[in-house]
Structure formats: C-alpha cells, structure tokens
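Remarks on the overall topology
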Amino acid sequence: MNRSLYEWIFPLGIPLSWRQLVQEKKRFAAAVAGITFAVMMMLFQIGLQSALFTQVVAPIRQMRADVVLISSQFEYLGSSHEFPEQLLYSAKGDPAVDSGTALYLGSLPFKNPTTGRARDIFILAFNPAEKPFTNPAILKQQDALKLEGVVLFDRLSRPDYGNISQLLAASGNGVVDSEVADRHIQIEGLFDMGVTFAADGNVLMGRDTYLHIAPGSRGDEISLGLLTLKPGYDPATVAAALDKRLPDDVAVLTYTQFLEKEKRYWADRTPIGFVITASMIVSLIVGAVIVYQILYTDVTDHLPEYATLKSIGFTDGYFTGLVLQESIILSVCGFVPGLGLAAILYALTRKYAHMPAYLTLGNVAIVFGMTLFMCLLAGALATRKLRQANPADIF
C-alpha cells in the first residue's frame, strides 16, 4: 500500500520509450541539444518581441492621460506633426475634462560633453508648472525646468551621448554643461525612460527652453495634447464626442488606443514583426527536423523488434504511441535547459541593451506548446515507415 512517488508515476517500471531513447546516448544528447537550441531561440525571439514593443511605448507609459489629442497626420512619436494649441484649449472646455497639458516633441542634435560630437536626441518639452508625466524622478525635478536652458537627461540613453551620470556625480555643483542645437544647456538631473526605435536617448526641457532652441518651433503649435478626465467619465465616450466635435486637423484617442497605435506602427510598417516571426518559424523547423531524424533512425534500428511484436498481435497504434511518448520525453528534456539558457540571454539583454526582456508565464506556455507540437509532429512522421512495414518482409 505504501508506494513511492516513483511507483505512482511509473507503476510498470521505467517506460520502454525512455529506455529506447537513452540506449543510444550520443543520439539522445544530440536530440536534446537540438531541441534546447530551438527552445532557446524561440523563447528569446518571443521575449525580444515583447521587449521591443514594450520599449517603443516607454515614453507613452510615463504620460499622465486618459484621452490624447494628436495630429491627423500623426505616424509615431518620432513623426508626430503639430496641430494648433487652440484645439487643446477647446477640448479642455469639455465638462468631462479635468486638465490638459501640451507636449512638444522633436529630435535635435545633442553635443557629447566629453567628445564634442553631436548626435540627434529625442526632446520632450512641456510647461513645468503642469504634470504630464507620472515618473516620480521627473515630478521631483521638473521645477528646475522653469529656468531657461535647464534640462533633465535620460539615464538609459545610449553611451554615445556621454556618461552623463558620472559627469554629474563628479561635478562640484551638480550641473553638466552641454549644447542642444548649438545652444548652451545645463543638465541638472537624471530620469529613466529608455531608448526606442525612434530615439537613442531622451531629454526633458521646459516649453520656453524648447521654443528658444528648436529651429522653426512655434508656441501655438503642439505635438500632443494630454487630457485627464474627472472621476466617473468614460474615456472612450469622451474621446468619441471630442473627435466628432473638433476639426479634422486633430484625432482624439483614448490612452489605450494611443498606446496600441504606436505599437501597430512598428509592427505593421516596419519589418520587425516579420523578422522575429520568421526567426521563430525557422527555429521550429530546425528543431522538428532534428527530432524527426533522431526518431526515424530509432524506429529504423528497432524494426526487427517491432516486427516481432506486431507478429504476436501488437498493433500499429501501440508503436505510434511509443514513438509519441519518446517525442514528449524529448520535448520536456530539451525545454528545461532551453528555458534556462533563455533566462540567461534575457538577463544579458537587460544588462547590456537596457531592454525590458523578461520570462513571462504566457510566453513560456506558448513556446512549450510549440515545442510539444514540433516534437509530436516529428514523431508522427517518423512512424510512417513502421506503419507501412510488413513483419514478413523484415525477417
């Protein structure tokens, strides 16, 4: 009555499928290695895709808004186009709107304080008296932006802009002098936002500073209008009403719709989504081919034994089940180390590329399902020779 866990799992002893797999240790190791590689690549690709689409909306995720006004020509944050600020004032007059903030977006050359080289950096400008962002570091320091020429620098920007964090720590007065668009600026603080496909770095500045240094900028033209609503109002309903009331120059979206619009641009208008999906399919095919070759060879090697069993009454279904059991064992044995290697790649990606790559239960479940399908399909194909064989032809 007192049966061990092993006896509960394997009441008839070690499964025949396991014995057959480990009989040829080199072949078994090759199969596990192939599946491990496929799993690692699929997990890394799907995690990278999630990280990329999280990264492209990093600035948006820090914006405080229920409803967003954008130009009707808006493509993505890096190509937002301007619209009259008067339309934001008109929207703020709606009874459902609690507050509204204008954002000015653009790319301007930023001078590396150490090397003197200039490289375009993404600018986000606003009225420091308002609160368009939720990032605590920005909220804490934004009063400094009321002084013209003062900016905050994104700590997660590419190293090409200089080690601003180190320079700030080393400076005696907590200020780093640099230039944006050939105009002198003072970096007086840091915040974390992260790079995107459209920007290798970010700088926050006050509206007056932006209008002073940005060529051709106009105070009555804005890039985004961020609206927060009074409690009890539905953003979708308010956005639809404002969109109908305001001129065609502007489009009105809920915050969620705005977020998805940015993701869709990079997924549909660039090859990123296709490349990652194609890489996953290639990894799946490579793994399936390796498993098929291993299992087909295993079936071929054991044909005499299978023929003997078939001659005494064992059916093709029994042998098909045996090979499919081997497929399941291979999928599990290859998935576990592949999961571990993918976790290491994620950690390296976070450390060196500053990308939010994490293992998620959803992605792990998807890749495990794909791995299981890959191995079962390869196993089913490998049994064709056995099903077609006649015991009398083998001896």
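Residues numbered from 1 in each chain as written. Predicted model: local features only at pLDDT ≥ 70, side-chain atom pairs only at ≥ 80, totals over all residues. Heavy atoms only, no water.

With that settled, the discussion passes to the pattern of salt bridges. Scanning all chains against the criterion turns up nine salt bridges. One salt bridge in this structure joins Arg245 and Asp94, with 3.9 Å as the shortest N-O distance. Residue Arg245 is found in helix α9 (residues 235–245), and its partner Asp94 is found in the loop between α5 (85–92) and β3 (97–111); the two are separated by 151 residues along the sequence. Judged by relative accessible area, which is 44%, Arg245 ranks as partly exposed. (Salt bridge = Lys/Arg side-chain N within 4 Å of Asp/Glu carboxyl O. Helix = DSSP H or I, 4+ residues; strand = E, 2+ residues; numbered from the N terminus. Buried < 20%, exposed > 50% of the residue type's maximum accessible area, 1.4 Å probe, protein only.)

Further remarks concern helix α14 (residues 361–382). With 22 residues, α14 extends 31 Å from end C-alpha to end C-alpha; this agrees with the ideal 32 Å at 1.5 Å per step. Turning to α14, its buried residues are Asn363, Val364, Val367, Thr371, Met374, Cys375, Ala378, Gly379 and Ala382. Down the axis, α14 shows its buried residues gathered within 135° of arc, on one side only. Away from its buried face by more than 90 degrees, α14 exposes Leu361 and Phe373. (Expected span 1.5 Å × (residues − 1). Arc of directions from axis to C-beta.)

Following the criterion strictly, the structure yields zero disulfides and no others. We note that Cys333 lacks a disulfide partner, and the nearest cysteine sulfur, in Cys375, lies 9.9 Å from it. (Disulfide = S-S within 2.5 Å.)

The next point concerns the layout of surface pockets. Size it by volume and the largest pocket reaches roughly 230 Å³. In this structure, the largest pocket is lined by 16 residues; those nearest its centre are Glu82, Tyr210, Pro215, Gly216 and Ser217. Of all the secondary-structure elements, those providing two or more residues to the lining of the largest pocket are β3, α8 (207–213) and β9 (221–222). In terms of residue count, β3 provides more of the lining of the largest pocket than any other element does, five residues in total. Looking at side-chain class alone, the lining of the largest pocket contains eight nonpolar, five polar and three charged residues. In this structure, the second largest pocket occupies an estimated 170 Å³ of space. Together, Thr54, Gln55, Ala58, Arg61, Leu156, Met193, Gly194, Arg350, His354, Met355, Pro356 and Tyr358 line the second largest pocket. Broken down by secondary-structure element, the contributors of at least two residues to the lining of the second largest pocket are α3 (25–55) and α4 (58–61). When grouped by side-chain class, the residues that make up the lining of the second largest pocket number six nonpolar, four polar and two charged. In terms of domain composition, the lining of the second largest pocket takes at least three residues from each of domain 1 (5–55 + 271–394) and domain 2 (73–247). (1 Å grid on protein atoms, 1.4 Å probe; cavity = no way out; pocket = protein on both sides within 12 Å on 5 of 7 lines; lining within 4 Å. Points joined across faces, edges and corners; volume = space filled by probe spheres on them. Nonpolar A, V, L, I, M, F, W, Y, C, P; charged D, E, K, R; others polar. Domains from an automatic or database assignment.)

Attention shifts here to the pairing of strand β8 (residues 202–206). With five of five residues buried, β8 lies mostly within the body of the structure. In β8, alternate side chains face the same way, and those of Asn202, Leu204 and Gly206 on one face and Val203 and Met205 on the other are all buried. Pairing of strand β4 (residues 118–126) with β8 involves five bridges; the strand directions are parallel. The residue of β8 that forms the bridge with Ile123 is Val203. Judged from the three bridges that link them, strand β5 (residues 150–154) and β8 form a sheet pairing that is antiparallel. Each residue of the ladder has a partner; that of Val151, found in β8, is Met205. (Pairing = 2+ DSSP bridges.)

We now examine the nonpolar core. Ranked by size, the top nonpolar core spans 73 residues in total, and within it Met63, Leu77, Phe133, Leu204, Leu224, Phe258 and Leu330 carry the most contacts. No other element matches the 13 residues that α3 contributes to this core. Here this core gathers at least three residues from each of two domains, domain 1 (5–55 + 271–394) and domain 2 (73–247). Phe258 has contacts with Ile60, Met63, Val68, Ile70, Phe74, Leu77, Leu224 and Leu253, leaving out every residue within four places of it along the chain. With 40 residues, the next largest nonpolar core counts Leu69, Val97, Ile164 and Val180 among its residues. (Core = buried A, V, L, I, M, F, W, Y, C linked by side-chain atoms within 4.5 Å. Contact = heavy atoms within 4.5 Å.)

Right, let's get into the domain arrangement of the protein. Reports of interface size often rely on the accessible area that becomes lost once the parts have come together. Entries for the protein in the domain assignment read domain 1 (5–55 + 271–394) and domain 2 (73–247). Taking only C-alpha atoms into account, the centre of domain 1 sits 49 Å from that of domain 2. Every contact between the two is made by five residues of domain 1 and, on the other side, five residues of domain 2. Taking both partners together, domain 1 and domain 2 bury about 450 Å²; carbon and sulfur atoms supply 67% of that area. Along the contact surface separating domain 1 from domain 2 lie zero salt bridges. Linking domain 1 with domain 2 are one residue pair in polar contact (both at pLDDT 80 or more). (Buried area = accessible area lost by both parts, 1.4 Å probe. Polar contact = N/O pair within 3.5 Å; in protein donor to acceptor, adjacent residues only side chain to side chain.)

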